[in-house]
Amino acid sequence: MTSRGLMLSKTFISQNALMNNGIGRYVPQLARVTIKFCKEHGSSQGVRRYIEEEIVDFARKNPATVVYLKPRRHRSPVLVAEFLNGQTYYQSLHMLGSDTVSGFMEIYRGHSGVVYSEQGKYTYSDHPSIQGYWNPTTNKEPASALYKFPRHTSLPQEPTATEMLQQLFNSQQNSDGGAEHFSQGEKDRLETRKQGES
Amino acid sequence: MVFLTRNLFVRRHWHTSQFFGHETPSYDRVWEKRRIYQQAAHYFGRFRNTKLARRYFTRSLTYQTEGRSIRKRVRKELWDTRIEGSCQELDYNAWYMRDALTRAGVYLDRKVLANIALTEPRTFRAVTEIAATKSMDAPEDGGMGMKKCGPGIDVYSKL
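Note that the structure is predicted; figures quoted are calculated from it, not measured.

> What should I look at first to understand the packing of helix α1 (residues 45–53) of chain A against helix α3 (residues 98–110) of chain A in this one?
To characterise two packed helices, one gives the angle between the axes of the helices and the distance between these axes. Residue and element names in this part refer to chain A. Where α1 contacts α3, the axes come no closer than 8 Å and their chain directions differ by 70°. Relative to α3, the element α1 is oriented roughly perpendicular. Between α1 and α3 lies a crossing of right-handed hand. In this structure, α1 contributes Gly 46, Val 47, Arg 49 and Tyr 50 to the contact, and α3 contributes Ser 98, Val 101, Ser 102 and Met 105. Of the residues in the contact of α1 with α3, the class split is four nonpolar, three polar and one charged.

Encoded structure:
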């Protein structure tokens, strides 16, 4: 489905592993978990059961994470997860069962804190260009910076129509094969005779 | 102690009954609608919170289906344009490039050629020179007999 409908932003990978976490040493990124719930209302029933049964285990297994419990009257249950990069997530636990609540706790326990977003590319490179990116001067001669205009270029140019006609005429004159193409009347007219001669 | 509150809070369709012959489990239609509203959350006004959302979301699905082949075509056209532009700068007609490179045994595709024209311009210049040399060869040598073209750099002696 579209990422826009799920309100996902688009990112590009910028590092192979954020701060190399896990390569060597792993630092859990979840700093603080606050669970706000109501002691009486039915929407917090699952949360209350989770608190009764499983939360002490969670706190023991994750010494790097601080767990706070906040009973708030007449309020819908909420989980607030705060991470080391400063990101805060609000997860509603309204009408959820205790296994769903423990599932969400597990999700945030292993999360890096980076906002979940769609990847533009699945490839990443520290050096995308080895020879240097193209710029308008890449394929030009450096001497072109010092050109003075107007310039007579030695580019091969096609002959103009006038020049082609002149070439044709000259080749006919020289070879004299053009004489075959002319009629007698034309030859008479084209004949060059000096004044006085016959 | 028997915990019943969880079961009581589960949303069930009112046709379902666990006491009759066989249970007809049908999940609440609110989940199906929720999926649609999630996808239509960025639409304008009534198109995102009434039954129109389903109509317009179906349309967006058809756009997605059509768009799959359009994206491929547009990407190919873009690569072609970029290769043509880069070859033009090097005084070579990109129309003959694919044929010349295939004859020379260089089997790079449009995507790679367009990318190296940006990130690896010297390599692209050498590849164009290979294509140009092949194009300028006489037909009996396997070329296309074209006039002088291409960047005019020396590549073959270095290979």
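> Looking at this structure, how should I read the interface of chain A and chain B?
Interface size is commonly expressed as the accessible surface area that is lost when the partners come together. In this complex, chain A contributes 23 residues to the contact, which on the side of chain B involves 21 residues. Both faces combined, the contact of chain A with chain B buries some 2100 Å², and carbon together with sulfur accounts for 51% of it. Counting the contacts that link chain A with chain B gives zero salt bridges. For the pair chain A and chain B, the number of links is nine residue pairs in polar contact (both at pLDDT 80 or more). Looking at the side of chain A that touches chain B, the elements with two or more residues in it are α1 and α3 of chain A. Residue composition of the side of chain A that touches chain B, grouped by class: nine nonpolar, 10 polar and four charged.

> In this structure, what is going on with the sheet that holds strand β5 (residues 88–92) of chain A? I would like to understand it.
Across a sheet, paired strands are connected by hydrogen bonds in the backbone, their directions being either parallel or antiparallel. All names here are of chain A. The four strands lie next to each other as β3-β2-β4-β5, forming an open sheet whose pairing is mixed. Each of the sheet's edge strands pairs with one partner strand only, and the pair in question is β3 (66–71) and β5. Going from strand to strand, the sheet's axes swing by 15° on average, the running direction of each strand aside. Pairing of strand β4 (residues 78–83) with β5, which is carried by five bridges, proceeds in the antiparallel orientation. Of the residues in β5, the one forming a bridge with Val 80 is Tyr 90.

> For this particular structure, what's the right way to read the pairing of β4 of chain A?
Look at any regular strand and the pattern is simple: side chains alternate between the two faces of the sheet. All names here are of chain A. Note: strand β2 (residues 30–37) against β4, six bridges, orientation antiparallel. Residue Lys 36 lies in a different strand from β4, and its bridge partner there is Val 78. What sits between the antiparallel neighbours β4 and β5 is a turn of four residues, in which Gly 86 has the positive phi angle 95°.

> Is there a simple way to explain the packing of aromatic side chains in this structure?
Two aromatic rings, taken as a pair, are described by how far apart their centres are and by the angle between their planes. All names here are of chain A. With the rule as written, the count across this model stands at three aromatic pairs over all chains. With centroids separated by 5.9 Å and ring planes inclined at 40°, the aromatic side chains of Tyr 89 and Tyr 108 adopt a geometry described as tilted. A residue pair is termed long-range when its members are at least 10 positions apart, and Tyr 89 in strand β5 and Tyr 108 in helix α3 qualify at 19 residues. Residue Tyr 89 is classed as buried on the basis of its relative accessible area, which comes to 16%. Joined through ring pairs, the aromatic side chains of Phe 83, Tyr 89 and Tyr 108 make up one cluster.

> How do you make sense of the environment of Val 127 of chain B when you look at a structure like this?
Residue and element names in this part refer to chain B. You can see Val 127 is positioned in helix α6 (residues 121–136). A sequence separation of 10 residues divides Val 127 from Ala 117, and the C-alpha atoms of the two residues are 9.9 Å apart. Sequence-distant contacts of Val 127, defined by excluding residues within four places in its chain, comprise Met 97, Leu 101, Leu 108 and Leu 113.

Conventions we followed
Residues numbered from 1 in each chain as written. Chains lettered and ligands numbered in written order. Predicted model: local features only at pLDDT ≥ 70, side-chain atom pairs only at ≥ 80, totals over all residues. Heavy atoms only, no water. Axes fitted to C-alpha atoms, helices over the stretch in contact; angles between N-to-C directions. Helix = DSSP H or I, 4+ residues; strand = E, 2+ residues; numbered from the N terminus. Parallel < 35°, antiparallel > 145°, perpendicular 65-115°, else oblique. Left-handed = near helix turned anticlockwise from the far one by under 90°. Contact = heavy atoms within 4.5 Å. Nonpolar A, V, L, I, M, F, W, Y, C, P; charged D, E, K, R; others polar. Buried area = accessible area lost by both parts, 1.4 Å probe. Salt bridge = Lys/Arg side-chain N within 4 Å of Asp/Glu carboxyl O. Polar contact = N/O pair within 3.5 Å; in protein donor to acceptor, adjacent residues only side chain to side chain. Pairing = 2+ DSSP bridges. Phe/Tyr/Trp six-rings, centres within 6.5 Å; stacked < 30°, edge-to-face > 60°. Buried < 20%, exposed > 50% of the residue type's maximum accessible area, 1.4 Å probe, protein only.

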